[in-house]
Amino acid sequence: MKASTHFHNSVIRRFIPLGLFLSLAISAAITARADFDAGLDAYAKEDFDAAFREWLPAAKGGDPNSQQMLGFLYARGRGVEKNVPEAVKWWRKAAEQGHAPAQFTLGNLYRNGIGIAKDEKEAVKWISRAADGGFADAQYLLGILHARGEGVERDLVKSYMYLDMAAEQKGLEPGALWGAITPYLSPAEIREAGRLIRKWRDKP
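Residues numbered from 1 in each chain as written. Predicted model: local features only at pLDDT ≥ 70, side-chain atom pairs only at ≥ 80, totals over all residues. Heavy atoms only, no water.

1. Some details on the packing of aromatic side chains
Evaluation of the coordinates by the stated rule reveals six aromatic pairs. A cation over an aromatic ring shows up here: arginine 129 above the ring of tryptophan 126, its NZ or CZ 4.6 Å from the ring centre. (Phe/Tyr/Trp six-rings, centres within 6.5 Å; stacked < 30°, edge-to-face > 60°. Lys NZ or Arg CZ within 6 Å of the ring centre and 35° of its normal.)

In structure tokens:
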């Protein structure tokens with residue numbers, strides 16, 4: 001560690017209480033949430049100019065929810081001139097922070113080659129992250145992709161697993177989504193799918 005960096009960190013530890021850092025972080029989060037909510041209110045009223053004004057500074061400040069919605073404004077040309085590459089930029093920023101809806105959006109862009117070069121592997125990577133984050137639409141799509149072998153090796157056990165998780169998240173009856181593939185699975189494979197589901201539920 002450089003001497004200047006060590007000195008800087010020592011000064012911070014000595015003179016700036018940890019509580020102050022926490023207060024600043026909480027204050028920033030509250031401000032970002034207020035800006036995001038104000039943007040949502042404006043969006044609901046179709047005042048897209050106002051929504052853009054609320055979300056832009058929050059997005060620049062690192063709020064992933066605002067980044068996600070700012071991406072939609074750029075993609076649709078609402079409150080700002082349509083700019084798909086700019087939309088992709090903001091969606092990527094949110095996705096890289098672990099924002100599941102943005103990860104799902106980015107994965108679909110890669111899957112369909114919209115505003116970005118088509119790449120099935122990248123599509124599956126981002127859709128998988130969203131699915132693992134508990135996003136039901138991503139779980140459903142990943143189940144379909146595994147059933148088709150699209151961008152991933154065909155695996156009906158994993159297809160069953162993701163479709164079952166998506167159904168549960170959406171409040172559907174068991175079998176509402178995976179009924180079509182069940183006849184092609186052995187009892188052992190269905191038990192394995194159940195084991196994978198329990199493993200996913202038990203992870204931290």
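This is not the end of the story, as more comes after the structure.
2. A few points about the side chain of glutamine 103
By the element assignment, glutamine 103 lies in helix 6 (residues 100–112). Glutamine 103 sits in the buried class, given a relative accessible area of 6%. Of note is the side chain of glutamine 103, whose polar atom sits 3.3 Å from the backbone nitrogen of alanine 130. Apart from the residues lying within four places of it in its own chain, the contact partners of glutamine 103 are Ala95, Gly98, Trp126, Ile127, Arg129 and Ala130. (Helix = DSSP H or I, 4+ residues; strand = E, 2+ residues; numbered from the N terminus. Buried < 20%, exposed > 50% of the residue type's maximum accessible area, 1.4 Å probe, protein only. Polar contact = N/O pair within 3.5 Å; in protein donor to acceptor, adjacent residues only side chain to side chain. Contact = heavy atoms within 4.5 Å.)

3. Observations concerning the pattern of salt bridges
The final tally for this structure, using the stated rule, is five salt bridges. For glutamate 150, the salt bridge goes to arginine 111, with nearest N and O atoms at 2.8 Å. Taken together, the positions of glutamate 150 in the loop between helix 8 (136–148) and helix 9 (156–169) and arginine 111 in helix 6 put the pair 39 residues apart, joining distant regions of the chain. Take arginine 111: its relative accessible area is 19%, and that puts it in the buried class. Salt-bridge contacts for glutamate 122 lead to lysine 125; the nearest nitrogen and oxygen are separated by 3.2 Å. Taken together, the residues span about one helical turn, with glutamate 122 and lysine 125 both in helix 7 (residues 120–132) at a distance of three residues. Judged by relative accessible area, which is 21%, glutamate 122 ranks as partly exposed. (Salt bridge = Lys/Arg side-chain N within 4 Å of Asp/Glu carboxyl O.)

4. Looking at helix 8
In this model, helix 8 (13 residues) spans 19 Å end to end at C-alpha, consistent with the 18 Å of a helix rising 1.5 Å per residue. Listed in full, the buried residues belonging to helix 8 are Ala136, Ala138, Gln139, Leu141, Leu142, Gly143, Leu145, His146 and Ala147. In the core, the buried residues of helix 8 are packed alongside helix 6, helix 7, helix 9 and helix 10 (187–202). At the exit of helix 8 stands glycine 149, carrying a positive phi of roughly 75°. (Expected span 1.5 Å × (residues − 1).)

5. Details of the confidence of the model for the protein
Averaged over all residues, the pLDDT of the protein is 81; the fraction at 70 or higher stands at 80%. Per-element confidence in the protein ranges from a low mean pLDDT of 39 for helix 1 (residues 3–15) to a high of 96 for helix 5 (residues 84–96). Note on residues 1–31: pLDDT under 50 across the span, and six contacts to partners over four residues away in sequence or across chains. (pLDDT = per-residue confidence, 0-100.)

6. Quick notes on unusual backbone geometry
The phi angle of most residues is negative, glycine excepted, and most peptide bonds adopt the trans form. Despite not being glycine, glutamate 46 shows a phi value in the positive range, around 60°. In this fold, glutamate 46 is placed in the loop between helix 2 (18–44) and helix 3 (48–60). Owing to a relative accessible area of 61%, glutamate 46 belongs among the exposed residues under this scheme.

7. Some points on the nonpolar core
In terms of nonpolar packing, the biggest core is built from 28 residues, with Trp55, Leu70, Leu73 and Leu106 touching the most fellow members. Taken together, the elements giving at least two residues each to this core come down to helix 2, helix 3, helix 4 (64–76), helix 5, helix 6 and helix 7. With residues near it in sequence (within four places) discarded, tryptophan 55 still touches Asp35, Phe36, Gly39, Leu40, Tyr43, Ser66, Met69, Leu70 and Leu73. In this structure, Leu141, Met161, Ala193 and Ile197 belong to the second largest nonpolar core, which totals 23 residues. (Core = buried A, V, L, I, M, F, W, Y, C linked by side-chain atoms within 4.5 Å.)

8. Some words on the packing of helix 8 against helix 9
It is the contact of helix 8 with helix 9, at a shortest axis distance of 7 Å, that shows an interaxial angle of 155°. Taken together, the axis directions place helix 8 and helix 9 in an arrangement best described as roughly antiparallel. Handedness of the crossing formed by helix 8 with helix 9: left-handed. In this structure, helix 8 uses Ala136, Gln139, Tyr140, Leu142, Gly143, Ile144, His146 and Ala147 to contact helix 9, whose residues at the interface are Leu156, Lys158, Ser159, Tyr162, Leu163, Met165, Ala166 and Gln169. Looking at the contact of helix 8 with helix 9, its residues break down into 10 nonpolar, five polar and one charged. (Axes fitted to C-alpha atoms, helices over the stretch in contact; angles between N-to-C directions. Parallel < 35°, antiparallel > 145°, perpendicular 65-115°, else oblique. Left-handed = near helix turned anticlockwise from the far one by under 90°. Nonpolar A, V, L, I, M, F, W, Y, C, P; charged D, E, K, R; others polar.)

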